[in-house]
Amino acid sequence: MSIEIRDVARRFGSTAALEGVSLTVARGEFVALLGPSGSGKTTLLRILAGLEGTDSGTVRVDGEDMTGVPARERRIGVVFQQYALFRHMTVFENVAFGLRVRKRRPPEAEIARRVRELLALVQIPELERRYPDQVSGGQRQRVALARALAIEPRLLLLDEPFGALDALVRKDVRRWVRGLHDRLGISTILVTHDQEEAMEMADRVAVMERGRIVQCDTAEVLLRDPATPFVAGFLGEASRLDCQVRGGVAHFDPLPLPPLRVALPDGEAQAFLRPEDIAVLAGTGQGILRAVRNVTDDRARVIVDLEGILLDGTAASGRAPQRNVPCRVALRGGIVFASNGQRARGEPLARIMAG
Amino acid sequence: MACGRPSRVAPVPGLGLTLGLTLAWVGLVVVIPLAALAIKPWELGVAGVAQSLAEPRVLSALAVSFGAALAASIINLPLGLLLAWALVRLDFPGRRVLDSVIDLPFALPTAVAGIALTALFAPNGWLGVPLMAAFGWQIAYTRAGIAVALMFVGLPFIVRTVEPVLRDMGKDAEEAAATLGAIRPQTLGRVVLPTLAPALLTGFGLACARAVGEYGSVIFIAGNLPMATEIAPLLIVIRLEQFDYAGAAAVGLAMLCLSFTILLGLNLLQRLVRRGRR
Amino acid sequence: MSAPVRPAHADAPWASALLAGAALLVAIVMLALPLAAVFAEALRRGLPVAIDAIMEEDALAAIRLTLIIAAITVPMNLMGGVAAAWAVAKCEFPGKRLLVTLIELPFSVSPVIAGLIFVLIFGAKGWLGPWLQAHDIQVIFAVPGLVLATVFVTFPFVARTVIPLMQEQGRDEEEAAATLGASGPQTFWRVTLPNVKWALLSGVLLCNARAMGEFGAVSVVSGHIRGETNTMPLHVEILYNEYQFAGAFAVAALLALLGLVTLAAKTLLEHAAGRGAGGAA
């Protein structure tokens, strides 16, 4: 089902939680809302669920205006942060709840059949008689998912659903949830502050900052072409350095880094350098190699100390990099934002000589 | 039109109904009747109220009520602390029973407590005889009797406010103090008591507020002699029986005002204690 | 063999024993003895005399009246208390703190004042007195007055026991119920109520115990008419003042039993609530 959010704004007292937020989610699409805490992502999710009001703007589900439609009539499934399972009901009753409270309540046999089907779908058929406090965190999450799916939702909202799980379980559960989405084809919105989670699971990621969606695109585009310094800094790893643009060239003085050619006006600017952009080469230079983070076949991730500033870079791993030895630092490129917000891709002036 | 109208959503429904019910209930049962108390005395005029309250019998009754309440609550502080400590920190046979018995004054009707205490402390009672023989004390029908009844009524308030704080405190702070070289009395005086002080004050205030207005458990043991062992609530009853509504209301209003002054003072004191600790 | 080592900062065993002994002594003298005195005095002249005192006509009338008052008061305060708890714990509105203060106010008001305020309104010389007299409606010195005073005094019990628990539980489950299609009443009956049922029951028990045992407030509005406006605690007072000690203590013992049953039930409920938080059936 398609969801269309248009110019939604919401204030709490004097603080604006959301300002002019617009977002469209296509049928069967998986979109992540990514942002730091306080960026408004949970507010947006609660507005979609009908648990929060709006000051202006509209939300449409399949073209139907949702303004004034109470949560219970929206058929939007929510998996809450702490799952919010009904603690006095068994797993079975939790999942059955949405069917039991329907205006036209299905017969008991039909409810039982649906619940068992859902519990099988989330792979916990053996837990139906347990109470929420008798199952593990990962299992609770599956119950919450089954409960949300029981109402045959038009849209599924996941509010930081993996936050309560430990790191080991989390990765598996992510893949499994994404697989489930692909199988069921329900449009899904995931709220998270974990960029890895967002980029791994979602078709598109909407990056939120202070109540606005600053950019919404595929993970690839966000990494390659961030719209704002915030997105560049928030997604992927990057070293942020101040620089000055003079005559189409960004200089990093007083740091001993080679300049980058950029199509930007003169003035102060900010450069974001990904680890791939910073080449650490053997030979004498001002850098000192401080740590080796991981080594793959053809390159090694290293941390290099450049006059007291630590930069994340890559080194060719042909020779095992050694710690605390001097090295040369070159740049393969980078993203530079001028102070007026204009953005350009930086290119090295000269080709890097492979060392 | 792209710009939708604002929509107000209550995440949980039913505010209108429940708040309406609550306000009606609170308004009819609490606010309007108490307003009557605040308005009625002034039928006498300001001078009349002052005159009504300045009667020696009234002043004496107020002094007896508040004096006995304060005395009883002060004696109850160490006793309540002792019981709370025993409940939380000590393990001994009968602790569970003790835990239930603490609430007895909450559950026992006040009139029952009143005649029971009177029977105990009467000159021929179980405790009255030995106290008279050993110390020459007479408790029943004196101000001491009033204080004893108020101690009974107020004790659980102090125990039940200190107990959760003590439980919450755990032994970490004490163990830390011990590792820092404090001896036991230092730990108790500098770590434990200051932590419990706000709760002790709260319990003291609750016990006091309850004791000031207490009627049922006091009138049997008090003796009710005007100018000596007559409590303020009894004076209200007496004035009502003489159909002196405004005079009765004046005493009631004076009691409430004094109570709130004490609670306010305790509140300020508590803030001072809290700030001093930071 | 070496003795187990006690950490130097822990209290010595003798100190703990001394404290425990002192605590037990305080509890016995201040709490247990008065209770024992009630039953001892009631049975002083034997069980048959005590039973006779209870089965006497005026005593039975007092028991009946007490039960009637409780039967009216408790449901009223149950409804009001649950409504207040829902509004305070699950919804947002301005002035919430003021409302909570108002709800708790009756606890800090003397029971005699609780009676007094209704006399000021409904008494012969009260605001509505002349009008009531003209229409021949009796409030003070009659059952309605007794009920009003009792409602005021027992007013906070239900709300006060339920509000903290409801606040602690938050509204996550209610919100989840809403997204699953449940209406307000469905959410209340299926989600909220089962989660607070033990606390609610405990509040009702306390409310009931106080309603049946209230003395000061009803004493002011009752008029002490035997067989008509005399509740059990008032009957105790009358018998006691007439030096019918055996009878007074017999009825008092009955009231004390009510208190003990309430205490026991409350302890059991707390136990059930602690164990059944997860609903382990």
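Residues numbered from 1 in each chain as written. Chains lettered and ligands numbered in written order. Predicted model: local features only at pLDDT ≥ 70, side-chain atom pairs only at ≥ 80, totals over all residues. Heavy atoms only, no water.

How would you sum up the overall build of chain B? Please name residues and give values.
In terms of regular secondary structure, chain B is built from 13 helices and zero strands. Starting at the N terminus, the α and β elements of chain B follow one another as α-α-α-α-α-α-α-α-α-α-α-α-α. In terms of overall dimensions, chain B is more spread out than a globule: its C-alpha atoms have a radius of gyration of 24 Å, far above the 19 Å expected for 278 residues. If one aligns the C-alpha atoms of chain B with their principal axes, the spans along those axes are about 75 × 65 × 35 Å. Evaluated residue by residue, chain B yields a buried proportion of 53% over its 278 residues. In the structure as shown, chain B presents an accessible area of about 12,300 Å², 68% of it carried by carbon and sulfur atoms. The centroid of the 20 positive side-chain charges in chain B is displaced by 9 Å from the centroid of its 14 negative side-chain charges. (Helix = DSSP H or I, 4+ residues; strand = E, 2+ residues; numbered from the N terminus. Rg over C-alpha atoms; globule rule 2.2 N^0.38 Å. Buried < 20%, exposed > 50% of the residue type's maximum accessible area, 1.4 Å probe, protein only. Areas by Shrake-Rupley, 256 points an atom, 1.4 Å probe, with all protein chains shown as cover. Lys, Arg positive; Asp, Glu negative; His and termini not counted. Charge placed at Lys NZ, Arg CZ, Asp CG, Glu CD.)

Please give an account of the interface of chain A and chain B that cites residues and values.
Each partner contributes residues to the interface: chain A has 14 residues there, and chain B has nine residues. Summing both partners gives a buried area of about 980 Å² for chain A against chain B, and 48% of it is carried by carbon and sulfur. Viewed at the interface, chain B and chain A are joined by zero salt bridges. Summed over the shared surface of chain A and chain B, the number is zero residue pairs in polar contact (both at pLDDT 80 or more). Of all the secondary structure elements, the ones that give two or more residues to the side of chain A that touches chain B are β1 (3–12) and β4 (56–61) of chain A. Residue contributions to the side of chain A that touches chain B peak at three residues, all from β4(A). Each residue belonging to the side of chain A that touches chain B can be placed in one class, and the counts come to one nonpolar, eight polar and five charged. (Contact = heavy atoms within 4.5 Å. Buried area = accessible area lost by both parts, 1.4 Å probe. Salt bridge = Lys/Arg side-chain N within 4 Å of Asp/Glu carboxyl O. Polar contact = N/O pair within 3.5 Å; in protein donor to acceptor, adjacent residues only side chain to side chain. Nonpolar A, V, L, I, M, F, W, Y, C, P; charged D, E, K, R; others polar.)

If you had to explain the confidence of the model for chain B to someone new, which residues and values would you point to?
Caution applies to low-pLDDT parts of the model: their predicted coordinates are not meant to be read in detail. Per-residue confidence for chain B averages 87 on the pLDDT scale, and 97% of its residues sit at or above 70. Mean pLDDT values for the elements of chain B range from 78 in helix α9 (residues 172–179) of chain B up to 93 in helix α3 (residues 56–89) of chain B. (pLDDT = per-residue confidence, 0-100.)

Before we move on, could you go through the interface of chain B and chain C and cite the residues and values that matter?
Taken together, the contact between chain B and chain C spans 76 residues of the former and 81 residues of the latter. Summed over both sides, the interface of chain B with chain C buries roughly 7,000 Å², with 82% coming from carbon and sulfur. Counting the contacts that link chain B with chain C gives one salt bridge. Linking C:K266 and B:D103 is a salt bridge whose minimum nitrogen-to-oxygen distance equals 3.3 Å. No other element matches the 17 residues that helix α1 (residues 15–39) of chain B contributes to the side of chain B that touches chain C. A per-class count over the side of chain B that touches chain C returns 61 nonpolar, 10 polar and five charged.

Quick one: what's the story with the layout of surface pockets, residue by residue and with numbers?
When its volume is computed, the second largest pocket comes out at roughly 570 Å³. Along the walls of the second largest pocket sit 24 residues, with B:A119, B:Y141, C:Y240, C:F245 and C:F249 positioned nearest its centre. Sorting the residues of the lining of the second largest pocket by element identifies α6 (110–121) and α11 (216–222) of chain B together with α1 (13–42), α12 (232–241) and α13 (245–275) of chain C as the ones contributing at least two each. Per-class residue counts for the lining of the second largest pocket are 15 nonpolar, five polar and four charged. (1 Å grid on protein atoms, 1.4 Å probe; cavity = no way out; pocket = protein on both sides within 12 Å on 5 of 7 lines; lining within 4 Å. Points joined across faces, edges and corners; volume = space filled by probe spheres on them.)

Give me the lowdown on the packing of aromatic side chains, citing residues and values where you can.
This structure, assessed with the given rule, holds 17 aromatic pairs over all chains. A connected cluster of aromatic rings, assembled from ring pairs, spans B:Y215, B:F220, C:F215, C:Y240, C:Y243, C:F245 and C:F249. Seen from the ring of A:F86, A:R147 lies directly overhead, with NZ or CZ sitting 4.7 Å from the centre. (Phe/Tyr/Trp six-rings, centres within 6.5 Å; stacked < 30°, edge-to-face > 60°. Lys NZ or Arg CZ within 6 Å of the ring centre and 35° of its normal.)

Can you explain the packing of α3(B) against helix α8 (residues 143–169) of chain B? Please cite residues and give values.
All names here are of chain B. At their nearest, the axes of α3 and α8 sit 5 Å apart, and the two run at 40° to each other. Between α3 and α8, the angle is such that the two are oblique. The handedness of the crossing between α3 and α8 comes out as right-handed. Its residues placed into classes, the contact of α3 with α8 shows 23 nonpolar, four polar and five charged. (Axes fitted to C-alpha atoms, helices over the stretch in contact; angles between N-to-C directions. Parallel < 35°, antiparallel > 145°, perpendicular 65-115°, else oblique. Left-handed = near helix turned anticlockwise from the far one by under 90°.)

How would you summarise the sheet that holds strand β2 (residues 15–25) of chain A if you had to cite specific residues and measurements?
Residues and elements named next belong to chain A. Across the sheet, four strands lie side by side as β2-β1-β4-β5; this open sheet has antiparallel pairing. One side of each edge strand has no neighbouring strand; the edge strands of this open sheet are β2 and β5 (64–65). Where β1 lies against β4, five bridges are found, and the strand directions are antiparallel. Bridged to E4 within β4 is R60. Across the sheet, helix α1 (residues 41–49) touches β1, β2 and β4, and the angle it forms with β1 is around 115°. (Pairing = 2+ DSSP bridges.)

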